[in-house]
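Chain residues, written in single-letter form:
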Amino acid sequence: YEPAEDTFLFMDALQEELPFLMEREPRTVLELGCGSGCVTAFLAQHLRGATFFASDINPHALQAARRVFDANKVEVELFQADLLSAWRPRGNIDVLLFNPPYVPTPKEEMTSSWIARSWAGGDRGREVVDRIFPSLQEHLSAGGCLYMVALDSNDPHDIASEMSARGFRTKVVKKRKAGIEFLLILKIWRRLQA
Amino acid sequence: ANMILLTHNMMVSPMKEASKSVPLKIEAEEVQELEKEFNLDFLVNIIDRLDWAGFLEAAAILNQQGLPSSTEEIDKTNEESMRKLHHALMEVDVVTGALVCTETGRRFPIAGGIPNMLLNQDEL
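Residues numbered from 1 in each chain as written. Chains lettered and ligands numbered in written order. Predicted model: local features only at pLDDT ≥ 70, side-chain atom pairs only at ≥ 80, totals over all residues. Heavy atoms only, no water.

(A) Main features of the side chain of B:His8. Residues and elements named next belong to chain B. Assignment of secondary structure puts His8 in helix α1 (residues 5-10). When its relative accessible area of 3% is taken as the criterion, His8 is described as buried. Within polar-contact distance, the side chain of His8 engages the backbone oxygen of Leu24 at 2.6 Å. Ignoring sequence-local partners within four residues, the contact set of His8 consists of Met3, Leu24, Ile26, Gly54, Ala58 and Leu99. (Helix = DSSP H or I, 4+ residues; strand = E, 2+ residues; numbered from the N terminus. Buried < 20%, exposed > 50% of the residue type's maximum accessible area, 1.4 Å probe, protein only. Polar contact = N/O pair within 3.5 Å; in protein donor to acceptor, adjacent residues only side chain to side chain. Contact = heavy atoms within 4.5 Å.)

(B) Broad picture of the sheet that holds strand β2 (residues 92-100) of chain B. Residues and elements named next belong to chain B. In spatial order, the strands read β1-β2-β3-β4; together these 4 strands make up an open sheet with antiparallel pairing. Every interior strand has two partners, whereas the edge strands, β1 (25-33) and β4 (114-115), have only one. Looking at chain direction, strand β3 (residues 107-111) and β4 are connected through 2 bridges and run antiparallel. From the neighbouring strand, Ala111 faces β4, where its bridge partner is Ile114. (Pairing = 2+ DSSP bridges.)

(C) Molecular detail of the environment of B:Ala58. Residue and element names in this part refer to chain B. Mapped onto the fold, Ala58 is located in helix α3 (residues 52-61). For the pair formed by Ala58 and Ile114, sequence separation is 56 residues and the distance between their alpha carbons is 17 Å. If we ignore the near neighbours within four places in the chain, the residues touching Ala58 are Leu5, His8 and Ile26.

(D) How the structure looks around the interface of chain A and chain B. In this complex, chain A contributes 29 residues to the contact, which on the side of chain B involves 35 residues. Summing the contributions of chain A and of chain B, the shared interface buries around 2,500 Å²; its carbon and sulfur component is 50%. Per-residue buried area on chain A facing chain B is highest for A:Arg27, A:Glu77 and A:Arg88; these three make up 28% of the total on that side. Linking chain A with chain B are 3 salt bridges. The tally of links between chain A and chain B comes to 20 residue pairs in polar contact (both at pLDDT 80 or more). Where the side of chain A that touches chain B is concerned, the elements lending two or more residues are β2 (51-56), α3 (59-71) and β3 (76-80) of chain A. Here the side of chain A that touches chain B takes 5 residues from β3(A), the largest share from any one element. (Buried area = accessible area lost by both parts, 1.4 Å probe. Salt bridge = Lys/Arg side-chain N within 4 Å of Asp/Glu carboxyl O.)

(E) Representation of the packing of aromatic side chains in the model. Residues and elements named next belong to chain A. Taken as a whole and judged by the stated rule, the model has 3 aromatic pairs over all chains. Measuring from ring centre to ring centre gives 5.1 Å for Phe53 and Trp87, while their planes differ by 75°; the resulting arrangement is edge-to-face. On the criterion of sequence distance, the pair formed by Phe53 in strand β2 and Trp87 in the loop between β3 and β4 (93-98) is long-range, its members being 34 residues apart. Just as Phe53 is buried, Trp87 falls in that class too. For Trp87, a relative accessible area of 2% gives the class buried. Among the aromatic residues, those joined into a cluster by ring pairs are Phe53, Phe79 and Trp87. (Phe/Tyr/Trp six-rings, centres within 6.5 Å; stacked < 30°, edge-to-face > 60°.)

In structure tokens, the structure reads:
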């Protein structure tokens, strides 16, 4: 399970976001669908003063992530879960990271295999990531932010308006051509009350 | 490593019938103590995020005594008590055991320090 183009883009974006992140002094960082854990391992090496958590639905991914964390000498709390279903909605998350299954596919493909679960995103490639948006208000801390990977086909403007209605701003912090598509890293964070 | 009491405090039962505001109950079989870097700044800040009663209950199950009974009693200038808090919150790892949803009785097993919070098909 080798890191791919989107993982590298994600890491590059987070590297560039480090000054922003360090200023916010996050205490809790959670990566959903962590896969092999490269993204969390990277951030854990650069961001001090936070506790890192990572989860995945796939037990093989968790074992791979554990090896990556050990090899990189970073401490990350691992658990197996379906997105935020087992996370207490108490504004506990300062930085939420998600490289979701974003490829538009027929619905059946989403559950066809463990590997398919990592990339098959159903209708508009949005069926998995859409599940975290409604509860983001309850999960992110006041200064919290979500970084996520998306394709142009996922309709990021639609994501931005959905999140705007919930009081969040959305920005494309990095963009890269990948074949005939564009890979995007979106940052979603609370609009500050005046 | 895993699962520390900080993580337990962040988690909740994923069962549909559960209220999302009740802590999971820890069943501990194999427990390890693993040293973690002491960071006073982190500790002071994380305290406000904790369900303190839930933390005390879980700490008691893991035989961690002598913790302040409320957050008001925490004296962050008392290094000894802050290190004790650090130890209980960050350094006691449940390697094997379970997290139990007290509202439904459902057990979520912990193996190799990793809690498995997935629901079965018939629970979805």
